[in-house]
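Residue strings, one per chain:
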Amino acid sequence: MTPQLVRTEPGTDSNSTGTPRRTLLVTVDSLRADHFDELERTRSYLDRTHPRTFATSTATLGSFPAIVGGEYATGGGLNEGTSVARRFDRRCVGITTNHLLSAEYGYDEGFDSFASPKGGGETLKDKGAILLDRGTLAYDVASWGWNRYQALRSRFRKIEKSFRPADDVIESFLDAVEDADRSGNDGDGWFGWLHFMEPHHPYDPNGASVGRAEAQRVTRRVLSGRGSAADEDLVRELYRREVVELDRKLARLWEAIPDETRVVFCADHGELLGEDGLWGHPGEMRPELLRVPFGTRNAPELGDVVSLIDVPTILVGSEHGIGTLDREVAFAAYGEHKAAMNADHLASAAGTIRLVDGDPASDPALERKLDRFEPEYVIKEDALQEDLEDLGYA
């Protein structure tokens, strides 16, 4: 029997600290803003969506110190003492499905219960990603060898989903918070963080026109630049199906949690699906990567622009880190690349463009802000990065 959490009457879901009794952060890896419409159940559940929300980076390592800590990244994971989970005086439950969001990188801080894949480069693929510089001959040879290994492996054993599936994550979370949600005492309740990987490559949704092994192979083929036009069309459809499948599974979560739960839903960055021949999420300051889907339920009203660095502030309703509820300009960085965004424009070293259509534009005030932005963190090209840089995905 699956748990059904107890619902409360409007206006009763807070405690003496002023933070909501039940608060949920849902993050999705590599979800494009222009695919937010595919999440029909999720959009109908949320009170508000915000079309001008921006990532702080184009990779997990650069985005999640902002999402969870309200600070720009330093390159090694979550900065100590910054986790928003520390702001909640109730049961905190975290379940992530990305090895870069593990205890190895400090993301268990403040949680009573925390589950994630192991980090630290323990597999051959992970170690190769750390030791070999992307783009070198050695990296290319190792990538080719890993892909051949994966292809042979798929012929002799059943291929499972690449990451822990959403329905398993959701049921585990509901089990974990059921006891905390039965009580009506002001001190009880929970804070939850769930991270889902469904739209992350390799795209291998259920019910696709090809089997899971072939879906993984064609995704890797396209992301490594060796796919045909037909392969590319298939990969775009596989990506879309991943998003739709995630939304169908999230419906179970939205039905189960109490009506008064404060919810923040967002992606950590977007995804390129062949724009200018680019795939995945490299360190390009492009709107397809920096604009992210974002929505809330029972949360404060926000300004013209939202940055992922504001997420902890929205969750608790008061300033956390350098977040704000009333923003006009957001910033992002990856390596030596940086960008500034307002409600109309995106400025980077490549120039300023209009967000509505990507055409060149002029915005001197935004360009001056970009010049003055000097991030203290760097996501290095040869460091441990998203699975895009792991062997077999690049």
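Our subject is the structure that appears above.
Residues numbered from 1 in each chain as written. Predicted model: local features only at pLDDT ≥ 70, side-chain atom pairs only at ≥ 80, totals over all residues. Heavy atoms only, no water.

### Observations concerning the side chain of Asn98
Note the following rule: Starting at the N terminus, helices and strands are each numbered in turn, a helix being any DSSP run of H or I of at least four residues and a strand any DSSP run of E of at least two. Each residue's exposure class comes from its accessible area (1.4 Å probe, protein chains only) as a fraction of the maximum for that residue type: buried when under 20%, exposed when over 50%, partly exposed otherwise. The definition of a polar contact used here is a pair of N or O atoms within 3.5 Å, where within protein one atom must be able to donate a hydrogen and the other to accept one, and adjacent residues in sequence count solely through side-chain atom pairs.
Residue placement: Asn98 occurs in the loop between strand E4 (91–95) and strand E5 (113–115). What makes Asn98 buried here is its relative accessible area of 3%. Engagement of the side chain of Asn98 in a polar contact is seen with the backbone nitrogen of Leu100, the distance being 2.8 Å.

### Observations regarding the packing of aromatic side chains
Let me state the cut-off plainly: Stacked, tilted and edge-to-face pairs are distinguished by plane angle, under 30 degrees for stacked and over 60 for edge-to-face with tilted covering the rest, among Phe, Tyr and Trp rings (Trp via its six-membered ring) whose centres lie within 6.5 Å.
For the structure on display, the rule yields 13 aromatic pairs. Taking 6.4 Å as the distance between ring centres and 45 degrees as the angle between the ring planes, the aromatic pair formed by Phe114 and Trp193 counts as tilted. Of this pair, Phe114 sits in strand E5 while Trp193 sits in strand E6 (residues 190–196), placing them 79 residues apart in sequence. Taking relative accessible area as the criterion, Trp193 reaches 1% and is therefore assigned buried. Between Tyr203 and Tyr239, the ring centres sit 5.3 Å apart and the planes meet at 80 degrees, which makes this aromatic pair edge-to-face.

### Quick look at the pairing of strand E12 (residues 330–334)
Counted only if it meets this: Pairs of strands are assigned from DSSP output, requiring at least two bridges between the strands.
Counting buried positions over the five residues of E12 gives five, a clear majority of the element. Residue alternation in E12 divides its side chains into two sets, Ala330, Ala332 and Tyr334 and Phe331 and Ala333, and both sets are buried. Following E12, the chain reverses through two residues before pairing antiparallel with strand E13 (residues 337–341); Gly335 in that reversal takes a positive phi of roughly 60 degrees.

### Quick notes on the sheet that holds strand E10 (residues 294–297)
The mixed open sheet is built from seven strands, whose spatial order is E2-E10-E7-E1-E6-E4-E5. The sheet is open, and its two edges are formed by strand E2 (48–49) and E5, each paired on a single side. Note: strand E7 (residues 262–267) against E10, four bridges, orientation antiparallel. Paired with Phe265 across the strands is Gly295, a residue of E10.

### Comments concerning the pattern of salt bridges
Where we set the bar: In what follows, salt bridge is the name for a side-chain nitrogen of Lys or Arg lying within 4 Å of a carboxyl oxygen of Asp or Glu.
In the structure shown here, the tally under the stated rule is 27 salt bridges. Of the charged contacts, one joins Arg236 and Asp233 as a salt bridge, the two residues approaching to 3.1 Å between their closest N and O atoms. Here the residue Arg236 and the residue Asp233 both occupy positions in helix H7 (residues 229–256), the gap between them amounting to three residues, near one helical turn. On the basis of relative accessibility, which here comes to 29%, the residue Arg236 falls in the partly exposed class. Three or more residues are tied together by salt bridges with common partners; here these are Glu38, Glu237, Arg240 and Arg241.

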